[in-house]
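Structural overview
Okay, here's what each chain looks like letter by letter:
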Amino acid sequence: MTEATQNQQTAIRVYYRTLLSAWGRQHWWPAQARFEVIVGAYLTQNTSWTNVEKALGNLRKARLLTIRGIRRTPQSQLEQLIRPSGYFRQKAQRLKLFVDFLDARYSGSLTRMFARPTMELREELLALNGVGPETADSILLYAGNHPIFVVDAYTRRILERHQIVSRTADYDEIRLLVERALSEEREPKRSLYGPAARAVGGPSGSSHRPSRMSTSARTGMVQALNEMHGLIVGVGKTYCLKSQPRCEQCPLQKFLPAAE
Ligand code: SF4
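What counts and how
Residues numbered from 1 in each chain as written. Predicted model: local features only at pLDDT ≥ 70, side-chain atom pairs only at ≥ 80, totals over all residues. Heavy atoms only, no water. Helix = DSSP H or I, 4+ residues; strand = E, 2+ residues; numbered from the N terminus. Rg over C-alpha atoms; globule rule 2.2 N^0.38 Å. Buried < 20%, exposed > 50% of the residue type's maximum accessible area, 1.4 Å probe, protein only. Contact = heavy atoms within 4.5 Å. Areas by Shrake-Rupley, 256 points an atom, 1.4 Å probe, with all protein chains shown as cover. Lys, Arg positive; Asp, Glu negative; His and termini not counted. Charge placed at Lys NZ, Arg CZ, Asp CG, Glu CD. Core = buried A, V, L, I, M, F, W, Y, C linked by side-chain atoms within 4.5 Å. pLDDT = per-residue confidence, 0-100. Domains from an automatic or database assignment. Buried area = accessible area lost by both parts, 1.4 Å probe. Salt bridge = Lys/Arg side-chain N within 4 Å of Asp/Glu carboxyl O. Polar contact = N/O pair within 3.5 Å; in protein donor to acceptor, adjacent residues only side chain to side chain. Axes fitted to C-alpha atoms, helices over the stretch in contact; angles between N-to-C directions. Parallel < 35°, antiparallel > 145°, perpendicular 65-115°, else oblique. Left-handed = near helix turned anticlockwise from the far one by under 90°. Nonpolar A, V, L, I, M, F, W, Y, C, P; charged D, E, K, R; others polar. Phe/Tyr/Trp six-rings, centres within 6.5 Å; stacked < 30°, edge-to-face > 60°.

**A few points about the overall build of the protein chain**
When helices and strands are counted, the protein chain shows 12 helices and zero strands. Taken from the N to the C terminus, the helices and strands of the protein chain come in the order α-α-α-α-α-α-α-α-α-α-α-α. Relative to the globule expectation of 18 Å for 260 residues, the C-alpha radius of gyration of the protein chain, 19 Å, shows essentially globular dimensions. If you line up the protein chain on its principal axes, its C-alpha atoms span 55 × 35 × 35 Å. Within the span of the protein chain, comprising 260 residues, buried residues form 51% of the whole. Put simply, 69% of the contacts in the protein chain that link residues at least 6 apart link residues at least 24 apart. As presented, the protein chain carries roughly 12,800 Å² of accessible surface, and 48% of it is formed by carbon and sulfur atoms. With 37 positive and 23 negative side-chain charges, the protein chain shows a spacing of 9 Å between the two charge centroids.

Pasting the structure below:
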């Protein structure tokens, strides 16, 4: 490993520990079951989580937030139920395609599907209509507890502003960098969990209330990748705004490289 790579990885570990210590567990993903995470990962594309919650609420109320529910619901009805999440025709069709894939390839079993090696399953998910790297990795990490990092626009912006990655870095380069940096993380000590461990907190509502999925058993690395994504969303939503970042209040300010 080059010295530059070592420095990048060290910086990411330090950011992770600093944010975790300040804000505690973020309790991603807010869901009661794996399939709910998958539906949420599709629905959250190009919309806010508030709208996703409305669509999930409709499905839950109709008792259709299950594999069987999506399978047996006519597409037109599904479209109306998920309408609040936007692009509802496209999303309804894609949810049905996912269930078709699950049925054809894994006899409808998420357990069988998630038993696949991470990269093989990732390729299969990426081949599905409407599944890009962020959606595939959200499904793998948050529904399947696979050790994979979800790179979003906030991750890129923060790492670029801190000169940890270049503007030309691609998705997988950033993903691998974070995964390697956090690969030896263990379940954090309680003292590292910060105030949000005691009361749901963190910046600007980026943390969630504990849920069945957020508290499920997972390895230290998966837990770290899980938390890191939530913490980065917190930084991005509250401080690292696209224009006029609020560096003075940001917990990562002390790591910001001096302007040239
Ligand atoms: S707001 Fe400033 S200090 Fe915080 S992550 Fe963004 S660039 Fe860094």
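So much for the structure itself; the text now carries on.
**Focus on the nonpolar core**
Counting 78 residues, the largest nonpolar core has Ile12, Leu59, Ile82, Phe98, Leu110, Met113 and Leu125 as the members making the most contacts within it. For this core, the element with the highest residue contribution is helix 12 (residues 220-238), accounting for nine residues. Residues in contact with phenylalanine 98, not counting those within four places in the same chain, are Phe35, Ile38, Tyr42, Leu110, Met113, Leu125 and Leu128.

**So, the confidence of the model for the protein chain**
Of all residues in the protein chain, 92% have pLDDT values of 70 or greater, and the mean over the chain is 92. Ignoring residues within four places in sequence, the model shows residues 196-201, a span with pLDDT below 50, making 11 contacts including any to other chains.

**Considerations on the domain arrangement of the protein chain**
By the assigned domains, the protein chain splits into domain 1 (3-28 + 151-255) and domain 2 (34-143). With 13 residues of domain 1 at the contact, the number on the domain 2 side is 11 residues. Carbon and sulfur atoms supply 62% of the area buried between domain 1 and domain 2, which totals about 900 Å² over both sides. If you sort the residues of domain 1 by the area they bury against domain 2, Tyr171, Arg175 and Met213 come out on top, with a joint share of 49%. Note that aspartate 172 and arginine 122 form a salt bridge whose closest N and O atoms lie 3.2 Å from each other. Where domain 1 packs against domain 2, one counts four residue pairs in polar contact (both at pLDDT 80 or more).

**Observations regarding the packing of helix 8 (residues 118-126) against helix 9 (residues 133-143)**
Where helix 8 contacts helix 9, the axes come no closer than 9 Å and their chain directions differ by 135°. The angle between helix 8 and helix 9 falls in the class oblique. Handedness of the crossing formed by helix 8 with helix 9: right-handed. On helix 9, the residues touching Thr118, Leu121, Arg122, Leu125 and Leu126 of helix 8 are Pro133, Ala136, Asp137, Ile139 and Leu140. Here the residues of the contact of helix 8 with helix 9 are counted per class, giving seven nonpolar, one polar and two charged.

**Side note on unusual backbone geometry**
In the segment running from tryptophan 28 into tryptophan 29, the intervening peptide bond is cis, with an omega of 0°. Mapped onto the secondary structure, tryptophan 29 falls in the loop between helix 1 (3-23) and helix 2 (34-43). Of note in this structure, glutamine 244 is not a glycine but carries a positive phi near 55°. Counting through the fold element by element, glutamine 244 comes out in the segment after helix 12. Given the relative accessible area of 70%, glutamine 244 is considered exposed.

**Considering the packing of aromatic side chains**
Under the definition given, this model contains 10 aromatic pairs. Between the aromatic rings of tryptophan 28 and tryptophan 29, the centroid separation amounts to 6.3 Å while the plane-to-plane angle is 85°, which identifies the pairing as edge-to-face. Taking the relative accessible area as the measure of exposure, tryptophan 29 reaches 6% and is therefore buried.

**Considering the pattern of salt bridges**
Enumeration according to the criterion identifies 14 salt bridges in this entry. Close ionic contact of arginine 175 with aspartate 172 constitutes a salt bridge, the shortest N to O distance being 2.9 Å. Of this pair, arginine 175 and aspartate 172 both sit in helix 11 (residues 171-181), separated by three residues, roughly a single helical turn. Linked through salt bridges whose partners overlap, the residues forming this network are Arg122, Asp137, Asp172, Arg175 and Glu179.

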